Amino acid sequence: VQLLRFDRAAPSKVQRNGFRCGEPSLDRWLATQARQSMESRDAVTYLLLDADVMAEDDRPRIVGYYCLSSGEVQRADAPAALADRAPDPIPAARMGRFAIDERYQGRGWAAELLREALLAAVAAGKVIGARVLLVDAISADARAFYERYGFVRSPIHPMQVLYDLRVVEASAGLDR
Ligand SMILES: CC(C)(COP(=O)(O)OP(=O)(O)OC[C@H]1O[C@@H](n2cnc3c(N)ncnc32)[C@H](O)[C@@H]1OP(=O)(O)O)[C@@H](O)C(=O)NCCC(=O)NCCS
């Protein structure tokens, strides 16, 4: 399995159209929007590819993906530990989408991909400044997944979860 930026992987239409995660909007975004968002610099998508299993056109199947962009969190929307001595708004990285193909779910790939996303967000934050990773969870189920890995809920927006990137850097990974 390989993790590549969308533009480096240059996935074919067949690869992109074959992705199924259980949330049609996330499948559709990868198939129709990811490339454009990449070219316009609105979001950078990263793909996890299975080099051992080929899509119908003989190119590696997409196991999962996430995308990152820049963002911000209002101080009033953040837990006290994150808001402490932070500017308002707090500079953030934002993970807009995150999904694993159904054929690969339940095997630990999401945990692996989330770790990569957090490290990428830390690296981005070192370049432009971002102390938090912000995720708008697509469902209560998705939110439970993030909370399991130490994301904390915004006290104001119930579907928004936050992760302190300074903590990731300190532990060089996830809490568990
Ligand atoms: C959420 C999703 C990424 C999880 O993928 P997955 O491959 O099943 O997850 P993993 O196998 O890596 O699971 C890692 C751990 O998280 C746990 N987990 C998985 N989904 C969970 C959930 N919804 N709530 C709480 N824990 C969850 C697993 O039990 C596992 O724990 P374990 O190591 O103790 O067994 C996947 O189901 C998915 O893509 N769903 C559709 C899209 C989606 O909802 N994305 C989130 C967008 S905001």
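Above: the structure in question.
Residues numbered from 1 in each chain as written. Predicted model: local features only at pLDDT ≥ 70, side-chain atom pairs only at ≥ 80, totals over all residues. Heavy atoms only, no water.

A. Up close: the environment of Leu 4. For Leu 4, the location among the structural elements is in strand β1 (residues 2-5). Classification of Leu 4 as buried rests on a relative accessible area of 12%. For the pair Leu 4 and Leu 49, spaced 45 residues apart in sequence, the C-alpha to C-alpha distance is 7.7 Å. In this view, Leu 4 contacts Ala 9, Thr 45, Tyr 46, Leu 47 and Leu 49; residues no more than four positions away in its chain are not counted. (Helix = DSSP H or I, 4+ residues; strand = E, 2+ residues; numbered from the N terminus. Buried < 20%, exposed > 50% of the residue type's maximum accessible area, 1.4 Å probe, protein only. Contact = heavy atoms within 4.5 Å.)

B. Structural context of the pairing of strand β7 (residues 160-164). Within β7, five of the five residues are buried, which leaves the element mostly enclosed by the surrounding structure. On β7, burial covers both faces: Gln 160, Leu 162 and Asp 164 on one face and Val 161 and Tyr 163 on the other are all buried. Where strand β5 (residues 132-136) lies against β7, five bridges are found, and the strand directions are antiparallel. Each bridged residue has a counterpart across the sheet, and for Val 132 the counterpart in β7 is Asp 164. Remark: six residues form the turn of the hairpin made by strand β6 (residues 152-153) and β7, two consecutive strands paired antiparallel. (Pairing = 2+ DSSP bridges.)

C. The arrangement of the packing of aromatic side chains in detail. Applying the stated criterion to the full structure yields nine aromatic pairs. The structure contains a cluster of three or more aromatic residues connected by ring pairs, namely Phe 98, Phe 145, Tyr 146, Tyr 149, Phe 151 and Tyr 163. (Phe/Tyr/Trp six-rings, centres within 6.5 Å; stacked < 30°, edge-to-face > 60°.)

D. Layout of the site of the ligand. Around the ligand there are 21 residues in total, and Phe 98, Gly 108, Ala 110, Asp 141 and Arg 148 lie nearest to it. Take Ile 100: an N or O atom from its main chain is 2.9 Å from an oxygen atom of the ligand. Measuring from an oxygen atom of the ligand, one finds a backbone N or O atom of Gly 108 at 2.8 Å. In isolation the ligand offers 910 Å² of accessible surface; the protein chains occlude 73% of this area. One can see that the ligand is located within the largest pocket. If one sorts the elements of the shell around the ligand by residue count, helix α7 (residues 140-148) sits on top with six residues. Of the residues in the shell around the ligand, the class split is 14 nonpolar, three polar and four charged. (Near = heavy atom within 4 Å. Polar contact = N/O pair within 3.5 Å; in protein donor to acceptor, adjacent residues only side chain to side chain. Areas by Shrake-Rupley, 256 points an atom, 1.4 Å probe, with all protein chains shown as cover. 1 Å grid on protein atoms, 1.4 Å probe; cavity = no way out; pocket = protein on both sides within 12 Å on 5 of 7 lines; lining within 4 Å. Sits in = over half its atoms within 2 Å of the grid points. Nonpolar A, V, L, I, M, F, W, Y, C, P; charged D, E, K, R; others polar.)

E. Quick look at the layout of surface pockets. A volume near 560 Å³ is recorded for the largest pocket. Residue lining of the largest pocket: 27 residues in total, with Phe 98, Ala 99, Ile 100, Ala 142 and Phe 145 positioned closest to the centre. For the lining of the largest pocket, the leading source of residues is strand β4 (residues 90-100), giving six residues. In terms of residue class, the lining of the largest pocket is made up of 17 nonpolar, five polar and five charged. Empty space within the second largest pocket amounts to approximately 190 Å³. Counting residues per element, the lining of the second largest pocket draws most heavily on helix α6 (residues 109-128), which supplies five residues. (Points joined across faces, edges and corners; volume = space filled by probe spheres on them.)

F. Expanded view of the nonpolar core. Judged by nonpolar contacts, the single largest core of 30 residues is most densely connected at Tyr 66, Met 95, Leu 133, Tyr 146 and Phe 151. Ranked by residue count, the leading element in this core is α6, at eight residues. Counting residues in hydrophobic clusters, the runner-up holds 17 residues, among them Ala 9, Phe 19, Ala 34 and Leu 47. (Core = buried A, V, L, I, M, F, W, Y, C linked by side-chain atoms within 4.5 Å.)

G. Quick peek at unusual backbone geometry. Note the cis peptide between Asp 88 and Pro 89, where omega equals 0°. Relative to the helices and strands, Pro 89 resides in the loop between α5 (80-83) and β4. With a phi angle near 70°, Asp 58 is a residue other than glycine that sits in the positive phi range.

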